[in-house]
Amino acid sequence: MTVESGDGAVESVPLWSLTEDTLVEVGPDGLVLVITRLGEFEIDDADAVVLESLRRMALGPVSLRNVIPSGSPRRGRGLTAGWADADFPDFASLRRVLDKLSGSVVHSLGLNDGKTPVLSVMPVGFAPPFAPRAVPPGARIRLSRFATMRSAAGGLMLESPCTRFQALLSRRHGIRVASSLAVPMSIAEMASEGEIAPAVVADIVAYLVAAGLVLVGDPLGRFAEDFDPELRQWAPHELLFHVFSRTRPLTVPAETPAGQPGSEPAPVVKPVPAGLRVPLFRPDLADAATTDPTLTRLLETDHECPVFSEREISAEKLGELLFRSARIRSVGPAHLPAGTDHQASQRPYFNIAGIYELELYVAANRCAGLPRAIYHYDPAGHALTMVNDDADDLATMLDMAMVAGGGHRRPPALVTVTVRMERIAWALGGAAYATVLLHLGALQQTLYLAAKAMGLAAHAVPVDASDQVDRALKLRWPAEVGVGECVLDVIQ
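Now for a description of the structure that goes with this document. (Residues numbered from 1 in each chain as written. Predicted model: local features only at pLDDT ≥ 70, side-chain atom pairs only at ≥ 80, totals over all residues. Heavy atoms only, no water.)

This part is about the overall build of the protein chain. For the protein chain, the helix and strand inventory stands at 14 helices and 22 strands. When burial is assessed residue by residue, the protein chain has 50% of its 492 residues classed as buried. (Helix = DSSP H or I, 4+ residues; strand = E, 2+ residues; numbered from the N terminus. Buried < 20%, exposed > 50% of the residue type's maximum accessible area, 1.4 Å probe, protein only.)

A few words on the nonpolar core. In terms of nonpolar packing, the biggest core is built from 45 residues, with Leu370, Leu384 and Leu488 touching the most fellow members. Apart from residues no more than four positions distant in its own chain, leucine 384 is found in contact with Leu276, Arg277, Val278, Leu280, Leu318, Leu322, Val362, Leu370, Tyr375, His376 and Tyr377. Ranked by size, the runner-up nonpolar core spans 32 residues in total, among them Leu109, Val121, Ala139 and Ala147. (Core = buried A, V, L, I, M, F, W, Y, C linked by side-chain atoms within 4.5 Å. Contact = heavy atoms within 4.5 Å.)

Let's shift gears to the pattern of salt bridges. Applying the stated criterion across every chain, the model contains 16 salt bridges. Linking aspartate 218 and arginine 222 is a salt bridge whose minimum nitrogen-to-oxygen distance equals 3.0 Å. With a closest N to O distance of 2.8 Å, glutamate 480 and lysine 270 form a salt bridge. Here glutamate 480 is found in strand β22 (residues 480-490), whereas its partner lysine 270 is found in the loop between α7 (236-244) and β12 (277-279), with 210 residues between them in sequence. Residue glutamate 480 is classed as buried on the basis of its relative accessible area, which comes to 6%. Through salt bridges with shared partners, a single network forms among Glu52, Arg55 and Arg56. (Salt bridge = Lys/Arg side-chain N within 4 Å of Asp/Glu carboxyl O.)

Take a nonpolar patch on the surface next. Together, Phe241, Tyr433 and Leu437 make up an exposed nonpolar region whose accessible area comes to about 240 Å². Relative to the helices and strands, tyrosine 433 is located in helix α13 (residues 432-453). (Patch = residues over 30% accessible without salt bridge, like charges linked within 9 Å, V, L, I, M, F, W, Y side chains within 5 Å. Areas by Shrake-Rupley, 256 points an atom, 1.4 Å probe, with all protein chains shown as cover.)

The subject of this paragraph is the sheet that holds strand β19 (residues 383-388). Remark on secondary structure: sheet strands pair via backbone hydrogen bonds, oriented parallel or antiparallel. Overall, antiparallel pairing links the 7 strands, which are arranged β12-β19-β18-β16-β20-β22-β21 in an open sheet. The open sheet terminates on both sides in strands that have one partner only, identified here as β12 and β21 (456-461). Between one strand axis and the next, the sheet turns by 30° as a mean value, whatever way the strands run. The sheet contact formed by strand β16 (residues 358-364) and strand β20 (residues 413-420) spans 7 bridges and is antiparallel. Across the sheet, residue valine 362 finds its bridge partner in β20, namely valine 415. (Pairing = 2+ DSSP bridges. Axes fitted to C-alpha atoms, helices over the stretch in contact; angles between N-to-C directions.)

In terms of residue burial, β16 counts as a mostly covered element, since 7 of its 7 residues are buried. Where β16 lies against strand β18 (residues 373-378), 4 bridges are found, and the strand directions are antiparallel. What sits directly across from valine 362, in β18, is tyrosine 375.

In contact at an axis separation of 9 Å, helix α1 (residues 48-57) and helix α3 (residues 92-100) are set at 50° when each is read in the N-to-C sense. In terms of axis orientation, α1 runs oblique to α3. Crossing hand, α1 versus α3: right-handed. Side by side, α1 and α3 meet where Val49, Val50, Ser53, Leu54 and Met57 of the first sit next to Ser93, Leu94, Val97 and Leu98 of the second. Here the contact of α1 with α3 is composed, by residue class, of 7 nonpolar, 2 polar and no charged. (Parallel < 35°, antiparallel > 145°, perpendicular 65-115°, else oblique. Left-handed = near helix turned anticlockwise from the far one by under 90°. Nonpolar A, V, L, I, M, F, W, Y, C, P; charged D, E, K, R; others polar.)

Considering all chains together, one arrives at 4 aromatic pairs under this definition. When the centroid spacing of 5.9 Å and the interplanar angle of 75° are considered together, the rings of phenylalanine 241 and tyrosine 433 count as edge-to-face. Of this pair, phenylalanine 241 sits in helix α7 while tyrosine 433 sits in helix α13; the two residues are 192 residues apart in sequence, bridging distant segments of the chain. With a relative accessible area of 35%, phenylalanine 241 lands in the partly exposed category. Three or more aromatic residues joined by ring pairs make a cluster, and in this case those are Phe130, Phe165 and Tyr207. Lying over the aromatic face of phenylalanine 223, arginine 142 brings its terminal NZ or CZ to 4.6 Å of the ring centre. Positioned above the aromatic ring of phenylalanine 323, the side-chain terminus of arginine 327 is 4.0 Å from the ring centre. (Phe/Tyr/Trp six-rings, centres within 6.5 Å; stacked < 30°, edge-to-face > 60°. Lys NZ or Arg CZ within 6 Å of the ring centre and 35° of its normal.)

A separate point is helix α6 (residues 198-210). Over its 13 residues, α6 runs 18 Å from end to end, which matches the ideal 18 Å to within 8%, given 1.5 Å per residue. Those residues of α6 not exposed but buried are Val200, Val201, Asp203, Ile204, Val205, Ala206, Tyr207 and Leu208. (Expected span 1.5 Å × (residues − 1).)

With that settled, the discussion passes to a negative patch on the surface. A grouping of Glu25, Glu40, Glu42, Asp44 and Asp45 is seen on the molecular surface, where their side chains present a negatively charged patch. Tracing the backbone shows aspartate 45 in the loop between β4 (39-43) and α1. (Lys, Arg positive; Asp, Glu negative; His and termini not counted. Charge placed at Lys NZ, Arg CZ, Asp CG, Glu CD.)

We now examine the side chain of glutamate 159. The residue glutamate 159 is located in strand β9 (residues 155-159) in this model. According to the relative accessible area criterion, glutamate 159 is buried, its value standing at 4%. A polar atom in the side chain of glutamate 159 sits 2.6 Å from the side chain of arginine 150. (Polar contact = N/O pair within 3.5 Å; in protein donor to acceptor, adjacent residues only side chain to side chain.)

Attention shifts here to the sheet that holds strand β8 (residues 148-152). Taken together, the 6 strands give an open sheet; going across it, the order is β1-β5-β6-β10-β9-β8, and neighbouring strands pair in antiparallel fashion. At either margin of the open sheet sits one strand with a lone partner, and together these are β1 (12-18) and β8. Here the strands of the sheet are splayed against their neighbours by 25° on average, with no regard to which way each runs. Bridge count between β8 and β9: 5 bridges; the pairing is antiparallel. Paired with arginine 150 across the bridge in β9 is methionine 157.

Encoded structure:
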């Protein structure tokens, strides 16, 4: 049960703090330097209220009413208690400073019981000033369809790609209100249940609306998000992935410092699996340089998915294609921007910092000189190793490629690309998977151009794989997962 104030009324307490990675320094000349992950901010006109507020906020959530000089009035409750300039003229300069630092200020809502805040609204990247406003009790409100809730340290995290804030719900009050808004309802309806004081419900809603996580309907109960033609083009999970793969939320665990246990990347090359090993043909690239069509000619011809033929691809041609597009040319030390050393490799396709986290598998159907089976490609030894000779698994892979390519025959061969996340996550953290897809595109383009120069067709196909690919390739999920496919055929 919520603890009440001395006069029997439940009181919500606005709290402010700085993000954990924010540092406040005060120079001998009174200049305040605030160092954040978004940059450094100089404050050359900081008064006593600003200095004391920043000092306390750096230590954790604080009620700014406690920073007011003893002679200042202390009126108001709830949301108005911290930001009413008419009541607290000393806060005018502080408001300007905190608006300037909005990307590093955490806004929490506590109760007058001295316990953990009900919720904390945290900025994601460059966030606008946070300005909660009272929502009419009868207005229809609802969670954004893009909002997701997940377990996080200290509670449940509510986030959305459509806003620059996320909210950590730390106590049942915030969790109950947020989960109730899966369907449209009003503050009055939530408050009528009587489990949470109406004033607390109203303040929680105001914070979630200001954070952009909860929507307020129009007089007819409609929500603008549902009719936005630009938002309607996005599935919620795709927009969430796009935003959070390019912006690091404050709640993402800090990456393990280089050199500490668990920080080492996986080996440059995946250990060769047990199975039949087939060495591949190594072409003379000097000959190819004189006979290949020019890059301009390759790029300026139409890109079409091949009509799968009944022709065979020779093992020699397959070996040449993999040699020209994916083999390891050399291995040696490399350096990341942060100064971390790691073993890198050089291969024909583009990859950031030579990490090369992608693996290739070949489902051989009609490949002269190569038994029908699924193979792993060793880019260091330039050889194939059989990992699965089950006819049903091979048929499943080829059928999915046939359907994805809009064909009526199974392709001669299918290349499946996987990723070893431990090879890249240590270096790029929350941006790792987005970078994987960038590398996949580079590999697909290289396969396409090399194949075309050789008289082959290599075409990416969108296989709807679920877990069938991972199972057929005998991958250890989720350490290694399939990310893309490419059918191979002979140009007719």
